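# Fold and geometry: a report
Read off the chains here:
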Amino acid sequence: MPRGPVLGPRPGTVGLDAGSNDTAAVEHLVGLVEQVLGGADGPLLVSTHLVGAPGRGETGRHHAVAVTAGSAVDPVALAASVEDALDAAVAVTPGGPPARTDLESGAAAAVSEHTARSAGRLARFAGQDGVERVVTVGELLESGTVDAVEALPGIEVTRASTLDLREWARPVWRAGRRVLSVQAGAGGVLLPFERRVQVPCCHDH
């Protein structure tokens, strides 16, 4: 466990890469980060990013995390806490301890995309608890948690359309906008395109 405080006086963004191979693993990582940074002022903004490892092509593709907290984050303390929980190496940037080179590049890529709002799926964001329910598209847009709702071709989406987001909403960054992709469900109700998967214990903490 870290020897000092994880949070400081000023906001900050850090990237973490534990080599998460799938959505379930990266959601677990998000849950651990949320536990460690639970003392942050205000909600966390956490996004997950599909990143690569230098020189490994598609075989090196995996998921990393970027997080903006309401307080500055001590990367050394954060890495120590997450490594203890996972019993595995974790790269944290900027300012983290030395780690595996392939993970360092993934953490840096996650920070770059998160900061530019160019890519990544939002796993934790302001207002999330208030919209993970049955809402209309209009209500979702008015909440300010997403900027657009988009569906596959042939699926009509209006402000009056009903959207079932119970316990699962993962918008993505796209050119600076938060976009939620949806698909058709039973009875004309729209569902998130990305559906909930079985994830380890920390997903709802």
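Residues numbered from 1 in each chain as written. Predicted model: local features only at pLDDT ≥ 70, side-chain atom pairs only at ≥ 80, totals over all residues. Heavy atoms only, no water.

## What to know about the packing of aromatic side chains
Rules: Pairing of aromatic rings covers Phe, Tyr and Trp, the last through its six-membered ring, and needs centres within 6.5 Å; plane angles under 30 degrees mean stacked, over 60 mean edge-to-face, and all others mean tilted. Here, over-ring charges are defined by two tests on the NZ atom of lysine or the CZ atom of arginine: distance to the ring centre within 6 Å, and angle to the ring normal within 35 degrees.
A complete count under the given rule lists 0 aromatic pairs for this structure. A cation over a ring is seen here: Arg170 above Trp168, with NZ or CZ 3.9 Å from the ring centre.

## Focus: the environment of Arg159
Selection rule: Under the DSSP-based scheme used, a helix requires at least four consecutive residues in state H or I and a strand at least two consecutive residues in state E, with every element numbered from the N terminus. Exposure classes here rest on a 1.4 Å probe applied to the protein chains alone. A residue is buried below 20% of its type maximum, exposed above 50%, and partly exposed in between. Contacts are assigned to residue pairs that have any heavy atoms within 4.5 Å of one another. In the analysis that follows, any N or O atom pair within 3.5 Å is treated as a polar contact, provided that within protein one partner can donate a hydrogen and the other can accept it, and provided that, for residues neighboring in sequence, both atoms belong to side chains.
Secondary-structure assignment places Arg159 in the loop between strand S7 (148–151) and strand S8 (162–164). Residue Arg159 is classed as partly exposed on the basis of its relative accessible area, which comes to 47%. Along the primary structure Arg159 and Leu141 are separated by 18 residues, whereas in three dimensions their C-alpha atoms are 8.4 Å apart. Not counting chain neighbours up to four residues away, the residues in contact with Arg159 comprise Thr136, Val137, Gly138, Leu141 and Glu142. A polar atom in the side chain of Arg159 sits 2.9 Å from the side chain of Glu142.

## Some remarks on the pattern of salt bridges
For clarity, the threshold we go by: Just to be clear on terms, a salt bridge is a Lys or Arg side-chain nitrogen sitting within 4 Å of an Asp or Glu carboxyl oxygen.
Following the criterion strictly, the structure yields 9 salt bridges and no others. Linking Arg170 and Glu132 is a salt bridge whose minimum nitrogen-to-oxygen distance equals 3.5 Å. Of the two residues, Arg170 sits in the loop between S8 and strand S9 (172–174) while Glu132 sits in the loop between helix H4 (128–131) and strand S6 (134–136), which places them 38 residues apart along the sequence. Each member of the pair, Arg170 together with Glu132, is buried. Among the salt bridges present, the one from Glu150 reaches Arg174, with a minimum N-O distance of 2.6 Å. Within this pair, whereas Glu150 is found in strand S7, its partner Arg174 is found in strand S9, the two being separated by 24 residues in sequence.

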